[in-house]
There are 2 protein chains.
Amino acid sequence: MKMPVIIAFDVMGSEHGPSEIVRGAVALTSEASNVHAVLVGDQSQVDSALASLRYHAERISVHHVSDWIAQGEVPLAAVDAKPEASVCVAARLVREGDAHAVVSVGHPGAFVAACQKLLPRLPNVDRIALGGVWPTATTRGQNADPFCLLLDVGAGAEASGEELATFALMGSCFARLVSRNSEPKVALLANGAETLGEAQRITEAKRRLEMSPGINFIGIIEGMDIPRGTADVVVCDGLVGNVCLKVLEGTSETVVALAGSAARSGLPWRIGLQVLARGIEGIKGSLALHEYAGAPILGLEGVLMKVHPSSSARSIANAGKVAERAVRHELIQEMRRQLTAS
Amino acid sequence: MKMPVIIAFDVMGSEHGPSEIVRGAVALTSEASNVHAVLVGDQSQVDSALASLRYHAERISVHHVSDWIAQGEVPLAAVDAKPEASVCVAARLVREGDAHAVVSVGHPGAFVAACQKLLPRLPNVDRIALGGVWPTATTRGQNADPFCLLLDVGAGAEASGEELATFALMGSCFARLVSRNSEPKVALLANGAETLGEAQRITEAKRRLEMSPGINFIGIIEGMDIPRGTADVVVCDGLVGNVCLKVLEGTSETVVALAGSAARSGLPWRIGLQVLARGIEGIKGSLALHEYAGAPILGLEGVLMKVHPSSSARSIANAGKVAERAVRHELIQEMRRQLTAS
């Protein structure tokens, strides 16, 4: 029998309270008998969430904390001010070897800040990256995964060419081992060939990636290539990645007022109807972001999965499965090997 | 009677040939009696486009060229290799005082490269910017304009903090004088407050803009704020702006295959239906981009309007009207004044 994979769930800090996350962790342990879930949160809140559920008691434990970081707080300051916040405690469980992985639904910036503060960096990693998932028109890997991995989406804002190349290497490892995509296509995201100039960091990252034998580097792609699914791993700095993800979110929430004003000003929609029909499908995809938004922090000594704060129990259980797979397939060991190979 | 505004139309380089652009220029001169259009293109192609149209002969002239730059060409190299290409000739007409403005439907990068090579920069401008328009949920200014101005979208890739602040100043002038928005809201585009870190260039641009008395600077906005219409002028470097615009284009073209694969993998769409309904309206807005995509090159001694290569005659005429307004309201003089004021 396989050794259990111990996953710490940071169950605090969601606007909706811990019950959905607890349900997700319970669902995971019911489906994956070799997972043990440590629920890091307020004991009474977690107990009351557990009370209505059927679960395997030997696969669930509660690690009580009385503090946590709320969505609106300033990440770095909050982590410094609250060493006993759930997200800090969960990261320390990994550092001390008491858990293999963390799944957090809390404040994403606080999760990154806590992990960055409390966990050692992998060798040759100057900057860590937060991944994001993006629905694409194509699927990839053994699981026919309809999402590509975009990184960085906000662990930082800037990245040098060398750091972008490291993001590419780590993202490629994740896609290969965890998303079961034997030869993931890795690309740099930048402005198109019809524009003038190439950013220095892109030129430098491209030079490095073209020399990296272990990566299936397909070159520079443009913004429209992300939803098309041209690449499986899309690499950019945190400012670009964060802006892109939010443009996608913002586009799908753009309100009816726009259509009203456009109709008044007589803009011609006619020729757009065909594109619209296809666009609707694209938007459908973007909705899945909230349901399936498990994405890794890469660059630290630990399997670390962020899930969107408004995620369902289903997507929390899915993120747990991804974390379990990352542990079983020795993602960290493989990244360490790759990072020290060159 | 007002002096005529002379607009050079670079009618070559569209995939669809010059006929739609010629129709647009003719429509403009029919509606605006004080505009004279110089059609810069192959005489025989232009003549055959004009043959089927009714127009005021005294408001149209043809400037024959036998060369032009096609969409696939490398912009800088093409401009160097083809000094008599239509776009270069149009830029020289402005430089020599034979035209007040250029409207181009050709290769956008070649348009930027030709103007940059052939026209002087405005004082204190180290880097020019290409604008893009983005449909928003709100309207602005006297014309209830449903688009905000995004710049740079690809005149370059990088920009320093000082250069971003200059983009902001120029974009604000354009919005005020041309879009008739008396106090346009100007913002810097960057990663959100939930992420870690702020790019140095953003910090520096923010510092400068907070000290600029002539600009209504509202601070940093996130990607989702663009479609919401939080700002009227959105400032970023060319890599970020170009990627954003293309993400918007790519999202609206995302293909049906995605919905198919998502259905197979059982992702839950149900809760998304409400968001979807609103998203459709957002996509409708993005379609207008192709119909209304007149956007300026800012930073040079000339009124320079780029229109999307697949634009209709209507949007070409609209771009011409924008150019006419920029000339009448002395956009260049006002930008020069602002750029030398501090």
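Given the structure is predicted, the values throughout are model-derived calculations rather than measurements.

A. Examining the sheet that holds strand β8 (residues 216-221) of chain A more closely. Residues and elements named next belong to chain A. With mixed pairing, the 11 strands of this open sheet are ordered in space as β3-β2-β1-β4-β11-β10-β5-β6-β9-β7-β8. Two strands lie at the open edges of the sheet, namely β3 (60-64) and β8, each paired on one side alone. Ignoring strand direction, the axes of neighbouring strands in this sheet form an average angle of 30 degrees. Sheet analysis places strand β10 (residues 295-298) next to strand β11 (residues 303-306), joined by 3 bridges and oriented antiparallel. Note on β11: the bridge partner recorded for Ile 297 is Leu 304.

B. Structural view of the packing of helix α4 (residues 86-95) of chain A against helix α5 (residues 108-118) of chain A. Residue and element names in this part refer to chain A. Contact geometry for α4 and α5: axes closest at 9 Å, N-to-C directions at 40 degrees. Between α4 and α5, the angle falls in the class oblique. Every pair of crossing elements has a handedness; the one defined by α4 and α5 is right-handed. Judged by residue contacts, Val 87, Cys 88, Ala 91, Arg 92 and Arg 95 of α4 engage Ala 110, Phe 111, Ala 114, Cys 115 and Leu 118 from α5. For the contact of α4 with α5, the residue count by class is 8 nonpolar, no polar and 2 charged.

C. Quick look at the sheet that holds strand β7 (residues 185-189) of chain B. Residue and element names in this part refer to chain B. Read from one edge of the open sheet, 11 strands run β3-β2-β1-β4-β11-β10-β5-β6-β9-β7-β8, paired in mixed fashion. Looking at strand neighbours, the two that pair on one side only are β3 (60-64) and β8 (216-221), the edges of this open sheet. Strand-to-strand twist in this sheet, taken as the mean axis angle between neighbours without regard to direction, amounts to 30 degrees. Relative to strand β9 (residues 233-235), β7 is paired through 3 bridges, and the arrangement is parallel. Bridging from a neighbouring strand, Leu 188 pairs with Val 235 of β9. Packing of helix α5 (residues 108-118) onto the sheet brings it into contact with β4 (101-104), β5 (129-140), β10 (295-298) and β11 (303-306), and relative to β11 it is tilted by some 165 degrees.

D. Layout of the environment of Phe167(A). Residue and element names in this part refer to chain A. Inspection of the secondary structure assignment puts Phe 167 in helix α6 (residues 161-177). For the pair Phe 167 and Val 125, spaced 42 residues apart in sequence, the C-alpha to C-alpha distance is 8.9 Å. Sequence-distant contacts of Phe 167, defined by excluding residues within four places in its chain, comprise Arg 127, Ile 128, Ala 129, Leu 151, Asp 152, Ala 159, Val 235 and Cys 236.

E. Seen up close, helix α7 (residues 200-210) of chain B. Residues and elements named next belong to chain B. Inspection of α7 places Arg 201, Ile 202, Ala 205 and Leu 209 among the buried residues, and these make up the whole buried set. The buried side chains of α7 occupy one side of the element, clustering within an arc of 95 degrees when seen end-on. The exposed residues of α7 that point more than 90 degrees off its buried face are Gln 200 and Glu 210.

About the thresholds
- Residues numbered from 1 in each chain as written.
- Chains lettered and ligands numbered in written order.
- Predicted model: local features only at pLDDT ≥ 70, side-chain atom pairs only at ≥ 80, totals over all residues.
- Heavy atoms only, no water.
- Pairing = 2+ DSSP bridges.
- Helix = DSSP H or I, 4+ residues; strand = E, 2+ residues; numbered from the N terminus.
- Axes fitted to C-alpha atoms, helices over the stretch in contact; angles between N-to-C directions.
- Parallel < 35°, antiparallel > 145°, perpendicular 65-115°, else oblique.
- Left-handed = near helix turned anticlockwise from the far one by under 90°.
- Contact = heavy atoms within 4.5 Å.
- Nonpolar A, V, L, I, M, F, W, Y, C, P; charged D, E, K, R; others polar.
- Buried < 20%, exposed > 50% of the residue type's maximum accessible area, 1.4 Å probe, protein only.
- Arc of directions from axis to C-beta.

Keep in mind that these numbers describe shape and distance, not what the molecule does.
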